[in-house]
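Residues per chain are reported as follows:
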Amino acid sequence: MIWFASSGGKGGGQRSRGRQTGPTAASDPKADLHSYLQSARDALLWKLEGLSEYDFRRPLTPTGTNLLGLVKHVASVELGYLGDTFGRPSGEPLPWLEDDAEPNADMWATADESRERIVDLYRRAWAHADATIDALALDTIGRVPWWPSTGNEVTLHHAVVRVIADTHRHAGQADIVRELIDGAVGMNKGNDSMAPGESAWWENYRSRLERAAQEADRDA
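Numbers given for residues are sequential positions, taken from 1 along each chain in its written order. Since the coordinates come from a predicted model, pLDDT governs what is reported: local features require at least 70, and pairs of side-chain atoms require 80 or more to be given and counted, while whole-chain, interface and lining totals use all residues. Based on all heavy atoms of the structure, the side-chain values leave hydrogens and waters out of the count.

Caption draft 1: Examining the packing of aromatic side chains more closely. In summary, the pairing rule links any two rings of Phe, Tyr or Trp, Trp by its six-membered ring, whose centres are within 6.5 Å, and it sorts them by plane angle into stacked for under 30 degrees, edge-to-face for over 60 and tilted for everything else. Summed over the entire model, instances satisfying the criterion amount to six aromatic pairs. Taking 4.9 Å as the distance between ring centres and 75° as the angle between the ring planes, the aromatic pair formed by Y81 and W146 counts as edge-to-face. Residue Y81 is located in helix 2 (residues 67-81), and its partner W146 is located in the loop between strand 1 (141-143) and strand 2 (153-155); the two are separated by 65 residues in the primary sequence. Judged by relative accessible area, W146 falls into the partly exposed class, the value being 46%. These aromatic residues form a ring-pair network of at least three members: Y81, W146 and W147. Note on conventions: DSSP H or I runs of at least 4 residues are helices, E runs of at least 2 residues are strands, and numbering of each starts at the N terminus. Relative accessibility decides the category of a residue: with a 1.4 Å probe and only protein chains considered, values under 20% of the type maximum give buried, values over 50% give exposed, and everything between is partly exposed.

Caption draft 2: Structural view of the environment of E78. With respect to the helices and strands, E78 occurs in helix 2. In sequence terms E78 and A159 are 81 residues apart; their C-alpha atoms lie 9.3 Å from each other. Beyond its immediate sequence surroundings of up to four residues, E78 is in contact with L37, R41, G83, Y122, A125, W126, A129 and V163. In what follows, a contact means two residues having at least one pair of non-hydrogen atoms within 4.5 Å.

Caption draft 3: Spatial organisation of helix 4 (residues 156-182). Helix length check: helix 4 (27 residues) gives 39 Å between terminal C-alpha atoms against 39 Å at 1.5 Å per residue, within 8%. Looking one or two places after helix 4, you find G183, whose phi comes out positive at around 85°. In this analysis, the expected span of each helix is defined as 1.5 Å times one less than the number of residues it contains.

Caption draft 4: Region of the structure containing helix 1 (residues 29-46). Relative to the 26 Å expected for 18 residues at 1.5 Å per residue, helix 1 spans 26 Å between its end C-alpha atoms, a close match to the ideal helical length. Buried within helix 1 are the following residues: D32, L33, L37, Q38, A40, R41, A43, L44, L45 and W46. Close packing links the buried residues of helix 1 with helix 2, helix 3 (115-135) and helix 4.

Caption draft 5: Fine view of the environment of L94. If you trace the backbone, L94 turns up in the loop between helix 2 and helix 3. For L94, a relative accessible area of 14% gives the class buried. Once the C-alpha coordinates of L94 and L79 are considered, the two residues, 15 residues apart in sequence, prove to be 9.6 Å apart. L94 has contacts with L79 and L121, leaving out every residue within four places of it along the chain.

Caption draft 6: Representation of the nonpolar core within the structure. Definition used in this section: a nonpolar core is a set of buried Ala, Val, Leu, Ile, Met, Phe, Trp, Tyr and Cys residues joined via side-chain atoms within 4.5 Å. L44, L45, L48, L67, V71 and Y122 are the most contacted members of the largest nonpolar core, which has 25 residues in total. If sequence neighbours within four positions are ignored, L48 has contacts with F56, L67, L68, V71, R115, V119 and R178. One finds L33, F86, L136 and I164 within the second-largest nonpolar core, a separate group that totals 17 residues.

Caption draft 7: Molecular detail of the pattern of salt bridges. Criterion for a salt bridge: a side-chain nitrogen of Lys or Arg within 4 Å of a carboxyl oxygen of Asp or Glu. Counted by the stated rule, this structure contains nine salt bridges. Of the charged contacts, one joins D130 and R41 as a salt bridge, the two residues approaching to 3.1 Å between their closest N and O atoms. With D130 in helix 3 and R41 in helix 1, this residue pair connects regions lying 89 residues apart in the sequence. Residues joined by salt bridges that share partners form a network here, namely R41, E78 and D130.

Caption draft 8: Geometry of the packing of helix 2 against helix 3. To get an axis, a line is fitted to the C-alpha atoms, and for a helix only the part in contact is used. The angle between two axes follows their N-to-C directions and goes from 0 to 180 degrees. In the contact formed by helix 2 and helix 3, the axes pass within 9 Å of each other and the chain directions differ by 30°. It follows that helix 2 is roughly parallel to helix 3 by the angle criterion. Relative to helix 3, helix 2 is oriented so that their crossing is left-handed. On helix 3, the residues touching L68, V71, K72, V74, A75, E78 and L79 of helix 2 are R115, I118, L121, Y122, A125, W126, H128 and A129. Residue type decides the class: Asp, Glu, Lys and Arg count as charged, Ala, Val, Leu, Ile, Met, Phe, Trp, Tyr, Cys and Pro as nonpolar, and the leftover types, Gly among them, as polar. Tallied by class, the residues present in the contact of helix 2 with helix 3 amount to 11 nonpolar, one polar and three charged. Should an angle lie under 35 degrees it is considered roughly parallel, over 145 roughly antiparallel, and from 65 to 115 roughly perpendicular; all remaining angles are considered oblique. A clockwise turn of the near helix away from the far one marks a right-handed crossing, whereas an anticlockwise turn of less than a right angle marks a left-handed crossing.

Written as structure tokens, this is what we have:
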């Protein structure tokens, strides 16, 4: 959960508790893209910190969403869109993406796929993707191997934006999964972007939301 309050009141105040960064008039487009991509990468790995082997693997939704599986998935995404698509294969073996792999094999880690193995793979995927971004112009054309050949051309700019969107989406899922595990919340290390308040304030806040939902349902 992230807080972007616009006005006062208990738990409100500043627009954001942490400084939000973004592109400036004189910014470098590649640097801007990389900044947003890296912030999502860092946030996703941060959500694994301080958890047991069981907790960062266990499914927390009916469709099996789990923290280590999210990392495994986004590592695969980066190696594909920012590697293979531009003729820059990483050489990393990804058996969970082979034609004979079971459905959703990239969304969870088997018992013999350690956290260190998956996280190290993700960091190598960062390095490989960053090298692609550095080496090529943003208007470079690539071909997505797993798309139909009649419409598989993308620019590097398009591919980077796609990876950013995908990674931030999964970082948001990780926010919720981590909160369900142990109540830990926040946007990233050093900047939680949460409204100020102790547990009693949050319990009261949640109760107010529940009452408002019930009232709206009665009036519908």
